[in-house]
Number of protein chains: 4
Amino acid sequence: MSDIKRVVLAYSGGLDTSVILKWLKETYQCEVVTFTADLGQGEELEPARAKAKLMGIKDEHIFIDDLREEFVKDYVFPMMRSNALYEGLYLLGTSIARPLIAKRQIEIAKMVGADAVSHGATGKGNDQVRFELGYYALAPDIKVIAPWREWDLTSRTRLIEYAEQHQIPVPKDKRGESPFSTDANLLHTSSEGKVLEDPWDEVPDYVYSRTDNPEDAPDTPEVITIDFERGDGVAINGEALSPAMLLTKLNELGKRHGIGRLDLVENRYVGMKSRGMYETPGGTIYHLAHRGIEQITLDRGAAHLKDELAPRYAELIYNGFWFSPEREMLQAAIDYSQEKVTGTVRLKLYKGSVIVTGRKSPYTLYSEKVVTFEDDAGAYDQRDAAGFIKLNALRLRLLGRRDGR
Amino acid sequence: MSDIKRVVLAYSGGLDTSVILKWLKETYQCEVVTFTADLGQGEELEPARAKAKLMGIKDEHIFIDDLREEFVKDYVFPMMRSNALYEGLYLLGTSIARPLIAKRQIEIAKMVGADAVSHGATGKGNDQVRFELGYYALAPDIKVIAPWREWDLTSRTRLIEYAEQHQIPVPKDKRGESPFSTDANLLHTSSEGKVLEDPWDEVPDYVYSRTDNPEDAPDTPEVITIDFERGDGVAINGEALSPAMLLTKLNELGKRHGIGRLDLVENRYVGMKSRGMYETPGGTIYHLAHRGIEQITLDRGAAHLKDELAPRYAELIYNGFWFSPEREMLQAAIDYSQEKVTGTVRLKLYKGSVIVTGRKSPYTLYSEKVVTFEDDAGAYDQRDAAGFIKLNALRLRLLGRRDGR
Amino acid sequence: MSDIKRVVLAYSGGLDTSVILKWLKETYQCEVVTFTADLGQGEELEPARAKAKLMGIKDEHIFIDDLREEFVKDYVFPMMRSNALYEGLYLLGTSIARPLIAKRQIEIAKMVGADAVSHGATGKGNDQVRFELGYYALAPDIKVIAPWREWDLTSRTRLIEYAEQHQIPVPKDKRGESPFSTDANLLHTSSEGKVLEDPWDEVPDYVYSRTDNPEDAPDTPEVITIDFERGDGVAINGEALSPAMLLTKLNELGKRHGIGRLDLVENRYVGMKSRGMYETPGGTIYHLAHRGIEQITLDRGAAHLKDELAPRYAELIYNGFWFSPEREMLQAAIDYSQEKVTGTVRLKLYKGSVIVTGRKSPYTLYSEKVVTFEDDAGAYDQRDAAGFIKLNALRLRLLGRRDGR
Amino acid sequence: MSDIKRVVLAYSGGLDTSVILKWLKETYQCEVVTFTADLGQGEELEPARAKAKLMGIKDEHIFIDDLREEFVKDYVFPMMRSNALYEGLYLLGTSIARPLIAKRQIEIAKMVGADAVSHGATGKGNDQVRFELGYYALAPDIKVIAPWREWDLTSRTRLIEYAEQHQIPVPKDKRGESPFSTDANLLHTSSEGKVLEDPWDEVPDYVYSRTDNPEDAPDTPEVITIDFERGDGVAINGEALSPAMLLTKLNELGKRHGIGRLDLVENRYVGMKSRGMYETPGGTIYHLAHRGIEQITLDRGAAHLKDELAPRYAELIYNGFWFSPEREMLQAAIDYSQEKVTGTVRLKLYKGSVIVTGRKSPYTLYSEKVVTFEDDAGAYDQRDAAGFIKLNALRLRLLGRRDGR
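For clarity, every value in this text was computed on a predicted model and none was experimentally measured.

A.B. asks: Tell me about the interface of chain A and chain C, and name the residues and values.
C.D. replies: Chain A puts 25 residues into the contact, and the matching count from chain C is 25 residues. Approximately 2400 Å² of surface area, both sides summed, lies buried where chain A meets chain C, with 61% of it carried by carbon and sulfur atoms. The three residues of chain A that bury the most area against chain C are Leu-391, Arg-395 and Arg-402 of chain A, which together make up 26% of that side's buried surface. Our count for the contact surface shared by chain A and chain C stands at four salt bridges. On the surface where chain A and chain C come into contact, there are eight residue pairs in polar contact (both at pLDDT 80 or more). Taken together, the residues of the side of chain A that touches chain C sort by class into 10 nonpolar, six polar and nine charged.

Written out as structure tokens, the structure reads:
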């Protein structure tokens, strides 16, 4: 049926990708190589290895990688430098993980001489786009198999039938329809589908998994500090931490205080609106802290340019264009601005909210001497403002004379 | 000394503008017309009338206007349609009030045949720019007197001396230096100066005046709904309210739940960084609600264009360019998008945080039929995604072949 | 094979769309309604009627419309108000015609109760996208038939065989492969393909059809004037002309002087680069004249905002998003700016070049009094510049002190 | 009168800056250090040295530098990489020279221990801003003296009187008012003032100095090639040339063929409109050639992002913000894109016009195989376009269903 010989599958060890594994073998008569990544989703990976073996994958064709540090250092942090929020609110937790998975999958494909890659994303979502744009950018001639767009296992019943026919174990809780589906990594957990499909209905409590209910959070605020160096977080409360450890620690703090819940109706790249619920506990704290340290270390021109570029940058990541020249160009501009974004931010965490309460830096551009209401010893000549206003007003005056509002 | 005959002063009735009133008469030997506006700052205006009279202003030269409805309807709401946030966080509460004051001041100047206007803003701040750009845009040949840039009453001591020499009553609490200064209107209260001047120091509790401390807020969340029509709020919990009444009601709700506090270091248009504390209780709720209703009623293309234009639009308002062609052009684009931004948003208010928990609209673009994980009866053909991705990837593949990452 | 009953075909009367006409009938067993538009392509339309009749189309199903005035007034002129240039150079002559064709086709489909529309654009080009996005935006449930993506007549030989089998007359010059293909309307003629496919090879002389070779153009420059009202051209050399007549006249002038040739390699929306040769004689003159009149009538803020929005606006038109909220939002902003874009521009045409040599307007914002090197009688106080510079420099000085370049 | 001890003056050797030299000494009782730069303005510099000596400047305080290579390599070329055009048309010839002069002046100030710098730009123009923003960015605490904003020599008569009183030689042609003023460097010559002040009047022939009249240019076109490497020109007609030599050669070619004349009314940063005439012979050719090579070597995403950033970038340079973080951020993005902008462009020069007629590159992204009308052997699957269009149309269809246009 095809000339595909070996395919690298992004394999979670769950029911769906196990069915895909089998289906690929059957349909394409090809070898399957499994790739399972630890991106901080909070699941054991060894069961995935055992399951792959059980399904006949050779030892040397089972790849299990801990990518947590790479994920935070090379994907989450660069993105956070931009202050990107998709549609004003969303911290892009799913979007930012996809390019790394794609990249590693292609590396493995090259290592094992595979001619194809496959993933378990559906045909309605953004993830298929993100995976495949990544594949094609990094391996332009790779073949891509997207089973959900190809097969006829289009209902859960048929999927389970197929699993049973092929001796794939079906966990009890997967027998019925799941009330919602989730994706998780070190940055966030997203939930969507079924019980969330009416955007007027409140998200049920049982959907939340990464954050405590703000109403159950401690009655006393917790104050923390985050240290930044060149735009990236390096320590919490003075304790130096690696990127992944820092985000892990912030996740614990955010969880405890009910921080980072977002109920959103967003616009998918494939053209429809969808409703998702996102929990980004540590990322929400980090995002605000980064803005806090930029407030005193970034020049206005740089800050405003960043703000104008951020929606575009966010859109590129959301749409799957991480590996594109335009994302990289924006990154070059953003990174250029971060050289002196170094210092400490203090934040208060309390029942769902994060507030920056202080920031300091050896590179601060804030000058008490200039801004003070008190005598500034000539640091600023108020009369300069007259000329400043006069020249800024000149074109408006010429216009006013013409148009006589 | 000058040829100024009659000047319209933006007069609060407070010590500073009373000194200005006197100083203008003395310095320019001119008539002074006072203009006091109710923008919802929460102060009685009649004392300002009495004080003006006391200082010798003729009855017909004392103007006291309730501008609350105009303020919200023609300034706050149009701005809110844009979702503008200055430097990602600030709801522009001071900035948006200035053009209305300037406009009314010019109207009065034309009515009374004044040849000059005057204001009490200092030479270091943004407000002088906002007032004066407004004046010049609307009356290109008006003369502008900015006493703080001209006189030598540069310390509080000398100001008070001047007041006493001229029989201007000095309230007891104005004798010493104020630990901070504030500006208030229906949208927000801002505080800055002195005790806030070190951006590492936490804002002291006594600075807050418009919001209860989240820690003292009710232990039970409050759920409300806001109805929108064509992009503007029209009702709370189903009760129709005028613009100003709606914002007033939201302010009460926000105050009670400790919502809308912001500690910010921002970049002033005049070139320095300053630290401010803003309380925008109702505006914070409104802003998120507006985003909520847009999520289901605005097309992606419109929404993303708005997001890209918003930082520029916010900057224009912050810098004082409300009455400029470029702000008006952006407003035309934004307003065009709001035709169907109609519907209801449900929000939960709790100890400092606002969460949108539902939204519905007769004009919703959200289609459960298209997005569903279930059978969609052909509303969306998943195979289309393959072609969509292939063509979006084509340029990246050509690039990948050339550059061989 | 399908449930299509009646299809409206964009029909030129040429060989390709005649084959499509036949193929639609055969393949879909449906009625075909032909629509032929005069957009100023310079061809007689009656032969298209005769040919349609010959192929069995009922009289009442043959639509032939002169859309030239609508084309220029509602498509070309609004676009020209933006100064849009795709990729810095291209005046979008093909792109801007497509939405009008799509719109009229849908109107006819509604009139005749058709359930489908069809066009003759290939599967590699932009035009299929432009047509179909237009169709879908205006009639979301219409069926679209794109024969070139469906059939197997993929070589010219097979197409001609099919024509001969079905008694479709094949003109002699269509027997062999054409050395290039063209598209024409009142704004431009584009040529691409075959002899143009190597972007290093010079465009052969015989490809040009709308412009004389600059080397053969008159040795004496011709000076003309164009009058504008509210952003649109209304007269040439003082003679009032309708939109289409004005563009026709400019085309004659441009042709004679060899104006408007462009050899371009551009990026198609479908992902590849293509090389085209465009001749836009009148449009090139008009574009520069419009810039000329804006120079004195448009405020800087408006002009710069327009310049920043123009690349996006051009991209939207090129990609086929004329009927999209974001294009319409940008149009609202652009149109807002044109209220006073009224006046006269003088241009010199000479051997391929157009130079604006003068512009005047009752609404000019140019003030000789302000700008003059001579004594300006106090219109501008040079000392204001000191303050203007000082405050603009403040942030750079604070930065310089920190970073010590 | 002041505490200035030593000032570095940007000194041309002409009458105006000689008067300034004298005036500085008299007014500030300070030492004057002269700095004269060769930026390719086409004037001998040694007379400036002689004149400075004559006016009592010490040998070691006379600086004369040939900055032509630095000017083109570090200023003109980086700017040209962006394709920047101010207000759509102007190649920024004056603007781009100012930061280099400011930078060198500050270097000299540091070398000689000067505490101030001075320039001869007037208080109405942009150059004062460009110089001074450069000074302040590079030496935040330098004192700046702008004689034209300070002195009372505000008419030519008084200036000449002053010169005569102080034994400054007044050239005969400077006795009367000049009919226009010019600025020149290797990139361009600008002319403005007096005879150009009415924007309706045609620029008189005698104003042009850098380009032959197109009508007098050769009757035969000249075809040339330019080679680019990483975004910068490196050779003409195959002959390798340094940056300044390359631009010099292009200037000769452009001059001969009457290329690069621009009559413009532009918006100055200081708020008024002014009319200028620019001659940029070589730069005009270079600009189009750079676009030509980018057409085949730059990805669409990169190209469109560049086009969107270019107006802002141009504005920054025009306004004098070369040494600003935001210009440098944009430069980082632009430079990132130029890695593979390497290859050869062929152009035809003829009587005022430049046409790109071919381009080729070892890194071309143009793929004849993909784009061809002929059989492409599967390089592109036309059916993919259906899905591409369907998903791009989805949101427009949902919108159409709601709004029923």
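After that view of the structure, there is still more to cover.
A.B. asks: Break down the interface of chain B and chain A for me, with residues and values.
C.D. replies: With 107 residues of chain B in contact, the opposing surface of chain A contributes 107 residues. Between chain B and chain A, roughly 9800 Å² of surface is buried when both sides are summed, and carbon and sulfur atoms account for 55% of that area. Scanning the region where chain B abuts chain A turns up 12 salt bridges. A salt bridge links Arg-401 of chain A to Asp-141 of chain B, with the nearest nitrogen and oxygen atoms 2.7 Å apart. Where chain B packs against chain A, one counts 44 residue pairs in polar contact (both at pLDDT 80 or more). The greatest single-element share of the side of chain B that touches chain A, amounting to 13 residues, is contributed by helix α13 (residues 384–403) of chain B. Class assignment of the residues belonging to the side of chain B that touches chain A gives a composition of 42 nonpolar, 22 polar and 43 charged.

A.B. asks: Give me the lowdown on the sheet that holds strand β7 (residues 189–192) of chain B, citing residues and values where you can.
C.D. replies: Residue and element names in this part refer to chain B. Pairing is antiparallel in the open sheet, where four strands are placed in the order β6-β7-β12-β11. For this open sheet the edge positions go to β6 (181–184) and β11 (261–267), each flanked by a neighbour on one side alone. Within the sheet, the average angular offset between the axes of one strand and its neighbour, ignoring direction, is 25°. Relative to β7, β6 runs antiparallel, the two sharing four bridges. Looking at β7, one finds that Ser-181 is bridged to Glu-192.

A.B. asks: I'd like a rundown of the pattern of salt bridges, residues and numbers included.
C.D. replies: Throughout the structure, instances matching the rule amount to 156 salt bridges over all chains. The closest approach of N and O atoms between Glu-215 of chain B and Lys-348 of chain A, which form a salt bridge, is 3.8 Å. Note that Glu-215 of chain B is positioned in the loop between β7 and β8 (222–229) and Lys-348 of chain A in strand β13 (residues 343–350), a pairing that runs across two chains. Taking the relative accessible area as the measure of exposure, Glu-215 of chain B reaches 31% and is therefore partly exposed. Using a relative accessible area of 22% as the deciding quantity, one classes Lys-348 of chain A as partly exposed. Between Asp-307 of chain C and Arg-291 of chain C there is a salt bridge, with the nearest N and O atoms lying 3.0 Å from each other. Highlighted residues: Asp-307 of chain C in helix α10 (residues 300–319) and Arg-291 of chain C in helix α9 (residues 281–297), separated in sequence by 16 residues. Like Asp-307 of chain C, the residue Arg-291 of chain C is buried in the burial classification. Among the charged side chains, a network of salt bridges with common partners joins Asp-65, Glu-70, Lys-103, Arg-104 and Glu-107 of chain A.

The rules behind each value
- Residues numbered from 1 in each chain as written.
- Chains lettered and ligands numbered in written order.
- Predicted model: local features only at pLDDT ≥ 70, side-chain atom pairs only at ≥ 80, totals over all residues.
- Heavy atoms only, no water.
- Contact = heavy atoms within 4.5 Å.
- Buried area = accessible area lost by both parts, 1.4 Å probe.
- Salt bridge = Lys/Arg side-chain N within 4 Å of Asp/Glu carboxyl O.
- Polar contact = N/O pair within 3.5 Å; in protein donor to acceptor, adjacent residues only side chain to side chain.
- Nonpolar A, V, L, I, M, F, W, Y, C, P; charged D, E, K, R; others polar.
- Helix = DSSP H or I, 4+ residues; strand = E, 2+ residues; numbered from the N terminus.
- Pairing = 2+ DSSP bridges.
- Axes fitted to C-alpha atoms, helices over the stretch in contact; angles between N-to-C directions.
- Buried < 20%, exposed > 50% of the residue type's maximum accessible area, 1.4 Å probe, protein only.

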